[in-house]
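Read off the chains here:
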Amino acid sequence: MKNLLDYIYNEPSRVLVMLGVSLDAFQCLTAQVEKAQNAHQSEQEAAKIRINAKGAGRPPKLSLEESMALCLFYLRHNPTFEVAGMIFEVSRSEAHVTFHWGLNWIRQVLPASLYEEFGHDPELWFLIQEILRSEVLLTDSTEQSRERPQDQKTQKDWYSGKKKQYTQKTQILGTSDGLEIVDVIAGVKGPMADINLFREQQPRLHPEQECMGDKAYIGAERMTTPHKKSKKKALTDEQREENKVLSGKRIFIEHLMCRLKVFRILSHQFRLNSRRYRTVMLAICGLFRLKLGRIDFTIYDC
């Protein structure tokens, strides 16, 4: 076996475990990246004044398909670049460069949410808003620990009293079945309140769109939240039952978060440069949508 790419073609049933997406999705992603890369290179070629002959430089050590496999493998398993390079038979530095190269292309070809995919077209986004009005959208946030900033003032900005560590926060707005991401805000400071993040997202929705969230969203407009017990008064049996019903409906946004964290780079302390967290999170949201068939690759002639 030469490398991981040979393994997944010999064992197609293991692709989802190794890369986080199916073999068909991986092949379509690779084809779309190749198409986008060719278009980019054509633009560069037309603008440059060539001195050396085309193709005269050092050939790449990994094919495009192998490079994308390395990127997905790193997101899925969160190894060190030393281990990733050993598996793909390249150096640690080559694995590092290849991963970031693949990550940037994933962000270019895979929209992370419905808003990112269609929000640039006001008419189309209006139609989607009308469709979304027929259901109650679910929202929740997640925090991931990061390295401690060196500057003391910056430390205070990123320290989460809830988690007792330095964190970065992402808020997801999903459909009622948890199978589509409507909007996502990623890479904000951990102490930032969930309700304030939601108020940033809310103007992108229809003015009458109903949403559902946990106790952190109490006070937001058109937001259904659980009853909160006060210090002096316990919840009634009726309120407990309503909270139980609400939890049964909200569980799907928890399932969505769990599916994102299948990519283990989101399950541990974020080891990369903290400025890359937003790119990584949005790339994984795009891969989630790809895995569930929410991105139509036929528009890319795939």
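This text follows the structure it describes.
Participant: Residue-level account of the pattern of salt bridges, with values.
Facilitator: All told, the structure shown has 16 salt bridges when counted by the stated rule. Note that D157 is salt-bridged to K189, the shortest N-O span being 3.7 Å. In this pair, D157 sits in helix 9 (residues 152-158) while K189 sits in strand 4 (residues 181-189), placing the two residues 32 residues apart along the sequence. For K189, a relative accessible area of 37% corresponds to the partly exposed category. For the salt bridge of R204 with D183, the shortest nitrogen-to-oxygen distance reads 2.6 Å. Of the two residues, R204 sits in the loop between helix 10 (194-201) and strand 5 (211-212) while D183 sits in strand 4, which places them 21 residues apart along the sequence. Assessed through its relative accessible area of 4%, D183 is described here as buried. A single network of salt bridges, built from pairs that share partners, joins D140, D214, R250 and E254.

Participant: Hey, could you go over helix 12 (residues 277-291) for me, with residue numbers and the actual values?
Facilitator: Helix length check: helix 12, at 15 residues, gives a terminal C-alpha distance of 21 Å against a target of 21 Å (1.5 Å per residue), a fit within 8%. Burial within helix 12 is extensive, with 13 of its 15 residues counted as buried.

Participant: Account for unusual backbone geometry, with residues named and values stated.
Facilitator: One non-glycine residue, N78, lies in the positive phi region at around 55°. Its location among the elements puts N78 in the loop between helix 4 (64-77) and helix 5 (81-88). Classification of N78 as buried rests on a relative accessible area of 9%. One non-glycine residue with positive phi stands out, namely E89, at about 60°. Position of E89 relative to the elements: it lies in the loop between helix 5 and helix 6 (92-109).

Participant: Let's hear about the side chain of S274: which residues, and what values?
Facilitator: Mapped onto the fold, S274 is located in the loop between helix 11 (237-260) and helix 12. Ignoring any residue separated from it by four or fewer positions in sequence, one finds S274 in contact with R146, E147 and Q168.

Participant: So what's going on with the nonpolar core? Which residues, and what values?
Facilitator: One finds F26, L29, L75 and L287 to be the most contacted residues of the largest nonpolar core, which totals 61 residues. In terms of residue count, helix 12 provides more of this core than any other element does, 10 residues in total. Core analysis: the next-biggest nonpolar cluster, separate from the first, contains 14 residues, L132, I195, F198 and L205 among them.

Participant: Requested: an account of helix 5, with residues and values cited.
Facilitator: For helix 5, the complete set of buried residues consists of F81, A84, G85 and F88. The buried residues of helix 5 occupy an angular sector of 100° when the element is viewed end-on, so they sit on one face. On its buried face, helix 5 is in contact with helix 1 (4-10), helix 4 and helix 6. A positive phi of about 60° marks E89, the residue just after helix 5.

Conventions and cut-offs
- Residues numbered from 1 in each chain as written.
- Predicted model: local features only at pLDDT ≥ 70, side-chain atom pairs only at ≥ 80, totals over all residues.
- Heavy atoms only, no water.
- Salt bridge = Lys/Arg side-chain N within 4 Å of Asp/Glu carboxyl O.
- Helix = DSSP H or I, 4+ residues; strand = E, 2+ residues; numbered from the N terminus.
- Buried < 20%, exposed > 50% of the residue type's maximum accessible area, 1.4 Å probe, protein only.
- Expected span 1.5 Å × (residues − 1).
- Contact = heavy atoms within 4.5 Å.
- Core = buried A, V, L, I, M, F, W, Y, C linked by side-chain atoms within 4.5 Å.
- Arc of directions from axis to C-beta.

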